[in-house]
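So you can see what is in the structure, the chains are spelled out below.
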Amino acid sequence: MIKVNLVPQEILDKELQRQRLVQVGFVAGVFGLLFLGISGAHFYRSVSLARSLAESEAKYKKLEAIVQQVEALEAQAKAVKARLDVMNELDRARPFYPRFMTELLKMLPSGIWLTTLDAKASGPDQLTLNMGSQSASVDNVTTWLRVLNSTGAFTAPALGPLKFGSAGEITFTMGATYRTPGAAAPPPKKKP
């Protein structure tokens, strides 16, 4: 059987062209809808992220103000603690020097006079002493050295050179370390 097409070729070409235009339009429409859907999703996401960012920045500003308040309060607390520590240290150290002078006067024999007294803090509850002294006799000097050696408050007494004056007075220096009785001894220094 033979088929004969009686439709002119121009009409067939136009129909084929129209059919291809519909196919291309359909594909373009699908791509257009896909593009619009993806663009809409991105737009919605950007709007929600912008809203979330604005909320987060508002929370951040609130928290930043709170953090600044906390830091200010911590600084005030630190200053108050430092003042309290100073006051406690002063209160603790208040009886130290009167006790030291009382102990020193108890240990000083009757024939010894102090001409200078240099006391330097060398630790908590501890003084390093350097005392310029005069004496009427060598016996008083040795008595004072023995008394300082025998007491627990004064340690490591060191007698300086004796200088005999023309009037018979003896000038010398006495060094020692004073520690409040009952205070803990400092830990020994470690050798490197």
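For the structure, check the block above.
Residues numbered from 1 in each chain as written. Predicted model: local features only at pLDDT ≥ 70, side-chain atom pairs only at ≥ 80, totals over all residues. Heavy atoms only, no water.

**Student:** In this structure, what is going on with the pattern of salt bridges? I would like to understand it.
**Tutor:** Any two side chains of opposite charge can pair, on the condition that their charged atoms come close. Under the defined criterion, the tally for this structure stands at two salt bridges. Between Arg18 and Glu15 there is a salt bridge, with the nearest N and O atoms lying 2.6 Å from each other. With Arg18 and Glu15 both in helix 1 (residues 9-93) and three residues apart, the pair spans about one turn of that helix. Taking relative accessible area as the criterion, Arg18 reaches 47% and is therefore assigned partly exposed. By relative accessible area, Glu15 is classed as partly exposed at 38%. Across the salt bridge formed by Asp85 and Lys81, the nearest N and O atoms sit 3.3 Å from each other. Pair noted here: Asp85 and Lys81 are both in helix 1, with a separation of four residues, about one helical turn. (Salt bridge = Lys/Arg side-chain N within 4 Å of Asp/Glu carboxyl O. Helix = DSSP H or I, 4+ residues; strand = E, 2+ residues; numbered from the N terminus. Buried < 20%, exposed > 50% of the residue type's maximum accessible area, 1.4 Å probe, protein only.)

**Student:** How should helix 3 (residues 138-150) be read in this particular structure?
**Tutor:** Residues spaced three or four apart along an α-helix point in a common direction, a consequence of the helix completing one turn every 3.6 residues. For helix 3, which comprises 13 residues, the first-to-last C-alpha distance of 18 Å matches the rise-based estimate of 18 Å (1.5 Å per residue) to within 8%. Buried residues along helix 3 sit against helix 2 (96-107), strand 1 (112-123), strand 2 (126-135), strand 3 (154-159) and strand 5 (170-179). (Expected span 1.5 Å × (residues − 1). Contact = heavy atoms within 4.5 Å.)

**Student:** Please clarify how the nonpolar core should be interpreted in this entry.
**Tutor:** If you look at soluble globular proteins, the nonpolar side chains tend to sit buried side by side. The biggest cluster of nonpolar side chains holds 19 residues, and the ones touching the most others in it are Phe100, Leu129, Trp144, Phe154, Phe172 and Tyr178. When residues no more than four places from it in sequence are discounted, the contact partners of Phe172 are Ile112, Met131, Gly132, Ser133, Gln134, Ser135, Val141, Trp144, Leu159, Gly160, Pro161 and Leu162. (Core = buried A, V, L, I, M, F, W, Y, C linked by side-chain atoms within 4.5 Å.)

**Student:** It is not clear to me how a nonpolar patch on the surface should be interpreted in this structure. Could you clarify?
**Tutor:** Nonpolar side chains collect at one region of the surface, where Phe26, Val27, Val30, Phe31, Leu34 and Ile38 lie side by side and expose about 610 Å² of accessible area between them. Mapping Leu34 onto the fold places it in helix 1. You can call Leu34 partly exposed: its relative accessible area is 48%. (Patch = residues over 30% accessible without salt bridge, like charges linked within 9 Å, V, L, I, M, F, W, Y side chains within 5 Å. Areas by Shrake-Rupley, 256 points an atom, 1.4 Å probe, with all protein chains shown as cover.)

**Student:** Teacher, can you tell me more about the packing of aromatic side chains here?
**Tutor:** Two numbers describe a pair of aromatic rings. These are the distance of the centres and the angle of the planes. Counting across every chain of the model gives three aromatic pairs. Summarising the aromatic geometry, the rings of Trp144 and Phe172 are spaced 6.2 Å apart at their centres and angled 70° between planes, so their arrangement reads as edge-to-face. With a gap of 28 residues between them, Trp144 in helix 3 and Phe172 in strand 5 connect regions that are remote in the sequence. Comparing Trp144 with Phe172, the two get one shared label, buried. Ring centres 5.2 Å apart and planes at 50° place the aromatic pair Phe154 and Tyr178 in the tilted group. Separated by 24 residues along the polypeptide, Phe154 in strand 3 and Tyr178 in strand 5 bring together distant segments of the chain. (Phe/Tyr/Trp six-rings, centres within 6.5 Å; stacked < 30°, edge-to-face > 60°.)

These figures capture arrangement, not role.
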